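Working through the structure, step by step
One letter stands for each residue in the lines below.
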Amino acid sequence: MHHRTPGDLPHRVDGMRLSTVILPIHRWSEGQKIWRRAEELGFHAAYTYDHLSWRSFREEPWFGSVPTLTAAATATERLRLGTLVTSPNFRHPVTLAKELITLDDVSGGRLTLGIGAGGVGFDATAMGQEAWSPKERAARFGEFLPLLDELLTNDATTREGTYYSAVEARNVPGCVQTPRVPFYVAATGPRGLRLAAEYGQGWVTYGDPRGPAEVPVEQAPEVIAQQIEKLTAACEATGRDVATLEKVLLQGSTAEKPLQSVDAFVDWAGTYRDLGITELVIHWPVPDSVFENNLAVFEKIATEGLAQLT
């Protein structure tokens with residue numbers, strides 16, 4: 001097991017950081033301006049979705065996450081970069097490890113891998129396979145993550161699995177970050193939470209897996225509180241201090257509206273800081289979409305929001 005100590009983690013200001021998600025929907029002539037702007041605004045990190053296509057953007061432009069992040073790495077200097085999240089749906093640990101090592105090198109050690117078990121969206125069937133059941137997704141993730149960890153921390157890896165194998169897979173020179181790029185594990189179920197406790201430097205949630213229509217706004221924080229309780233229990237079961245895990249909340253999948261104003265953001269951020277969330281991730285505004293928000297308000301939140309937390 002490769003656990004970071006708290007001292008290895010990037011410095012955190014006032015117990016909470018603010019990051020953004022930039023969807024891979026822009027031709028790079030425009031996209032690069034957004035990634036540079038994210039750095040100028042002082043975001044801790046900028047992530048992108050790792051999908052082949054996604055929901056309402058199905059018929060719209062949608063680019064690959066790894067080339068996008070590679071380009072973003074050359075367009076920025078300080079901003080941390082990452083996926084939110086990668087999954088086994090169309091990935092294999094051997095090829096993914098090679099891409100991550102390359103990205104970590106190009107970015108000078110600024111890469112974070114958000115990773116989860118995947119779902120039933122377009123990615124699940126795009127390569128011609130039947131969509132996996134929840135049980136198979138969990139089983140595959142249970143193989144995928146340990147193998148990826150091994151690949152990223154060893155020069156050569158051989159492992160035979162039910163779903164994923166590696167035969168003398170070479171990964172030299174390895175990651176810039178040691179012992180490897182941080183894993184932020186998206187999980188709400190028992191098996192995923194155990195993997196987060198064992199392999200994660202962070203844990204990611206977007207709220208209730210049932211979706212915003214099922215959970216009233218006033219109940220949303222309680223959902224996160226219960227998830228953190230389960231994460232804490234998973235950590236205790238593996239001898240891990242839950243305080244050594246970053247706790248990341250991805251905004252946008254609940255009925256909450258924290259980007260409507262700076263005040264709304266401050267109230268929202270304070271609620272989740274008090275529950276133990278250490279990093280908030282907000283979506284860069286996308287006109288005419290579920291992520292439509294006022295860009296001026298968004299930028300004001302980016303520069304002033306966390307400073308107003310008391």
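All values reported here derive from a predicted model rather than from experimental measurement. (Residues numbered from 1 in each chain as written. Predicted model: local features only at pLDDT ≥ 70, side-chain atom pairs only at ≥ 80, totals over all residues. Heavy atoms only, no water.)

1. Comments concerning the packing of helix α2 (residues 65-75) against helix α3 (residues 93-106)
What counts, and what does not: To obtain an axis, a line is fitted to C-alpha atoms, over the contacting stretch when the element is a helix, and the angle between two such axes runs from 0 to 180 degrees between their N-to-C directions. Runs of E in the DSSP output that reach at least two residues are strands. Runs of H or I that reach at least four are helices, and both are numbered from the N terminus. The cut-offs work like this: below 35 degrees is roughly parallel, past 145 is roughly antiparallel, 65 to 115 is roughly perpendicular, and the gaps in between are oblique. With the far helix as reference, a near helix turned anticlockwise by less than a right angle produces a left-handed crossing, and one turned clockwise produces a right-handed crossing. Contacts are assigned to residue pairs with any non-hydrogen atoms lying within 4.5 Å of each other. Nonpolar residues are Ala, Val, Leu, Ile, Met, Phe, Trp, Tyr, Cys and Pro. Charged residues are Asp, Glu, Lys and Arg, and all others, Gly as well, are polar.
Interhelical geometry of α2 versus α3 gives an angle of 15 degrees and a closest axis separation of 9 Å. Overall, the two elements α2 and α3 adopt an arrangement that is roughly parallel. The interaxial crossing formed by α2 with α3 has left-handed handedness. Residues Val66, Leu69, Thr70, Ala73 and Thr74 of α2 touch α3, and the partners they reach there are Glu99, Leu103 and Val106. Tallied by class, residues from the contact of α2 with α3 come to five nonpolar, two polar and one charged.

2. Here's the deal with the nonpolar core
As a reminder, the rule being used: What is meant by a nonpolar core is a set of buried Ala, Val, Leu, Ile, Met, Phe, Trp, Tyr and Cys residues, joined one to another through side-chain atoms within 4.5 Å. Classification of residues uses two cut-offs on accessible area relative to the type maximum, computed with a 1.4 Å probe and protein chains only: under 20% is buried, over 50% is exposed, and between them is partly exposed.
Judged by nonpolar contacts, the single largest core of 69 residues is most densely connected at Phe43, Leu148 and Leu280. A total of seven residues in this core trace back to one element, the largest contributor, which is helix α4 (residues 134-153). Not counting chain neighbours up to four residues away, the residues in contact with Phe43 comprise Leu18, Ser19, Thr20, Ala38, Leu79, Ile282, Trp284, Phe298 and Ala302. Counting residues in each nonpolar core, the second largest holds 18 residues, with Tyr47, Phe57, Val85 and Val204 among its members.

3. A short note on the side chain of Arg110
Stated precisely, the cut-off is as follows: We treat Lys and Arg as the positive residues and Asp and Glu as the negative residues; His and chain ends play no part in the count. Salt bridge criterion: a side-chain nitrogen from Lys or Arg within 4 Å of a carboxyl oxygen from Asp or Glu. Pairing of N or O atoms within 3.5 Å defines a polar contact, subject to two protein rules: one partner must be a possible hydrogen donor and the other a possible acceptor, and residues neighboring in sequence count only if both atoms are side-chain atoms.
When you line up the elements, Arg110 lands in the loop between α3 and β4 (111-115). No salt bridge is formed by the buried Arg110; the nearest opposite charge belongs to Glu39, separated by 4.4 Å. Polar side-chain contacts of Arg110 include one of 2.8 Å to the backbone oxygen of Ala73. Those residues in contact with Arg110 that lie beyond four places of it in its chain are Glu39, Ala73, Thr76, Glu77, Arg78, Leu79, Arg80, Leu81, Asp104 and Gln177.

4. Side note on the pattern of salt bridges
For the structure shown, the criterion picks out 14 salt bridges. Ionic pairing is found between Arg91 and Glu99, a salt bridge with its closest N-O pair at 3.3 Å. Here Arg273 makes a salt bridge to Asp274, at a shortest N to O gap of 3.5 Å. Among the residues examined, Arg273 registers a relative accessible area of 25% and is labelled partly exposed. When its relative accessible area of 62% is taken as the criterion, Asp274 is described as exposed. Among the charged side chains, a network of salt bridges with common partners joins Arg17, Glu246 and Glu279.

5. Notes on the pairing of strand β9 (residues 246-250)
To be explicit about the condition: If the strands point away from the viewer and the path from the first strand over the helix to the second runs clockwise, then the crossover is right-handed. When DSSP locates at least two bridges between a pair of strands, those strands are taken to pair.
Counted residue by residue, β9 has five buried out of five residues, so it is predominantly covered. Alternating residues of β9 divide into Glu246, Val248 and Leu250 and Lys247 and Leu249, and every residue in both groups is buried. Of the crossover connections in this fold, the one passing from strand β8 (residues 202-205) over helix α6 (residues 220-237) to the parallel β9 is right-handed. Bridge analysis of β9 against strand β10 (residues 279-283) gives three bridges, and the strand direction is parallel. Residue pairing across strands places Leu250 opposite Val281, the latter belonging to β10. Each parallel crossover has a hand, and for β9 linked through helix α7 (residues 262-275) to β10 it is right-handed.

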